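Summary of the model geometry
In case you want the letters, here they are:
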Amino acid sequence: MINDYAVAKEKLLSLTDIDAEAVRGMSNKQLLSFAQSLSITAATFPVQKEELEYAFGENSMEMVFQLFMIMSSSLAQVHADALAGECDEFINSNFADGDYSNVRPERVKAFIDYFLPMLSIFYSDVHTVLCELEVDEDETQAEKAPKAPVSYKDKILSIKEINADAVNEMSDMALCIFIQTLNTFTKDFQAQEKGLKNSIKIKHYAFVMQWLTALEQALTKIHATALAATCSKQIEINKDFNNIRHERLEVFIDYFLSSVSMLSEDIKALRLPEKIEPGELHASPAKQLTSDAELLASGANENSKTILIINKMKMFMNSIKNALSESGHKILGVMSAESTVNYLKTAKPDLIILDEDLPQTDVFVLTKIIRVTGQKAPILITTGKITKEKMVKYMEVGVADFIMKPIAPADVQKKIAKLLM
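What counts, and at which threshold
Residues numbered from 1 in each chain as written. Predicted model: local features only at pLDDT ≥ 70, side-chain atom pairs only at ≥ 80, totals over all residues. Heavy atoms only, no water. Salt bridge = Lys/Arg side-chain N within 4 Å of Asp/Glu carboxyl O. Helix = DSSP H or I, 4+ residues; strand = E, 2+ residues; numbered from the N terminus. Buried < 20%, exposed > 50% of the residue type's maximum accessible area, 1.4 Å probe, protein only. Axes fitted to C-alpha atoms, helices over the stretch in contact; angles between N-to-C directions. Parallel < 35°, antiparallel > 145°, perpendicular 65-115°, else oblique. Left-handed = near helix turned anticlockwise from the far one by under 90°. Contact = heavy atoms within 4.5 Å. Pairing = 2+ DSSP bridges.

**Focus: the pattern of salt bridges**
Under the criterion given, the structure shown has ten salt bridges. With a closest N to O distance of 3.7 Å, Lys268 and Glu265 form a salt bridge. On the criterion of helical spacing, the pair formed by Lys268 and Glu265 is a turn pair, its members being three residues apart in helix α13 (residues 246–269). Its relative accessible area of 40% is what places Lys268 among the partly exposed residues. Under the relative-accessibility criterion, Glu265 is labelled buried at 19%. By sharing partners, the salt bridges in this structure join Asp401, Asp411 and Lys415 into a single network.

Below, the structure is given as structure tokens:
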């Protein structure tokens, strides 16, 4: 518990890797929340470190990339901007084209040997400061004040791919127009994704470049500047159709569409209104329809259990919801690893259903992070294929059971009833 916020702020300012201006500007409530975030991030680092070293040892560069992305996100959340920047710079210079076969292992090893000790020192300093402040994660959770109403601008700013400076500079009228632009982007993306996939499949490179150009323009309109720049770079590289390396371009498109798809789903999850007037931008809590977890079905009575579904596809969430339609449970859904961690900071569901194919996520790492944050709920993995080796590995990180895809309602009902007894 923080007893003296002035002292706490000074101690946190002693952490030289954290942006001092961000800490100085925090209110007492924000400082308490920040201390909690530091506690969770420091607790998850040993797991991330272990998984990163394992992934590199197995020469799984895709997993290495995913883990660096998670580390960068964790550092950014606690305002360790310089460390996050170093991590992002390394990611962009080594994994930008999405072709893991061209990554040089010796370069990755050199960065790991440099970066992990830096993080170990940083998180050791964090642990020391938090111990001095006697900050306990459970106590900070209990003391959290009710959240203030979240404006539509704040919701949009929660999406890290969208340029925050551009959004912050918008007038209310400009923001109303921008919300319509975001909705248009999500509606158009499905057709653009399909067109790009079909064009690369038949090697019609003129159409490929047209679809990429359309996506670049759409991303520029919603200020997703990093993704737009990545797209622009590929258009420039492949402007000479005679020298296109098909396999490399195909790998990039798979990676790129996965990233844009996640962005589109994150925007949809905000449930922004189709039309909004400037006076409605700062809505009351009753009009703020979304949080990190979307309610799919509400519990029928006081004995209802809470089930969290983690899956990128709404259709799959609904199939599980329909299978449990008569159970009377409260069912919630999230679509990304980041939303999962955010939601679980303040909630404790009775059961977690985690899909193995969550985009840009190693579910083994995510499961460990869920456990490190104190969640005791049984975890069910939905998967299209399970081997003995995979089953053992999942069990080691705290998975209770598996649901095979395509799911059978009777199987879902039976497994969930058993785990919630």
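Having put the structure on the table, let's press on.
**Observations regarding the packing of helix α10 (residues 172–201) against α13**
The contact between α10 and α13 brings their axes to 10 Å, and the two run at 160°. Between α10 and α13, the angle falls in the class roughly antiparallel. Handedness of the crossing formed by α10 with α13: left-handed. Contact residues: Leu182, Phe185, Thr186, Phe189, Glu193, Leu196, Lys197 and Ile200 in α10; His246, Leu249, Glu250, Ile253, Leu257, Val260, Ser261, Leu263, Ser264, Ile267 and Lys268 in α13.

**A closer look at the pairing of strand β4 (residues 351–355)**
On any regular strand, side chains alternate: one points to one face of the sheet, the next to the other face. For β4, the tally of buried residues reaches five of five residues, placing the bulk of the element in the interior. Neither face of β4 is exposed, since Leu351, Ile353 and Asp355 on one face and Ile352 and Leu354 on the opposite face are all buried. Sheet topology places strand β2 (residues 306–310) next to β4; four bridges connect them, and they run parallel. Bridging across to β4, Ile310 finds its partner in Leu354. Judged from the four bridges that link them, β4 and strand β5 (residues 379–383) form a sheet pairing that is parallel. In the strand pairing of β5, Ile353 is matched with Leu380.

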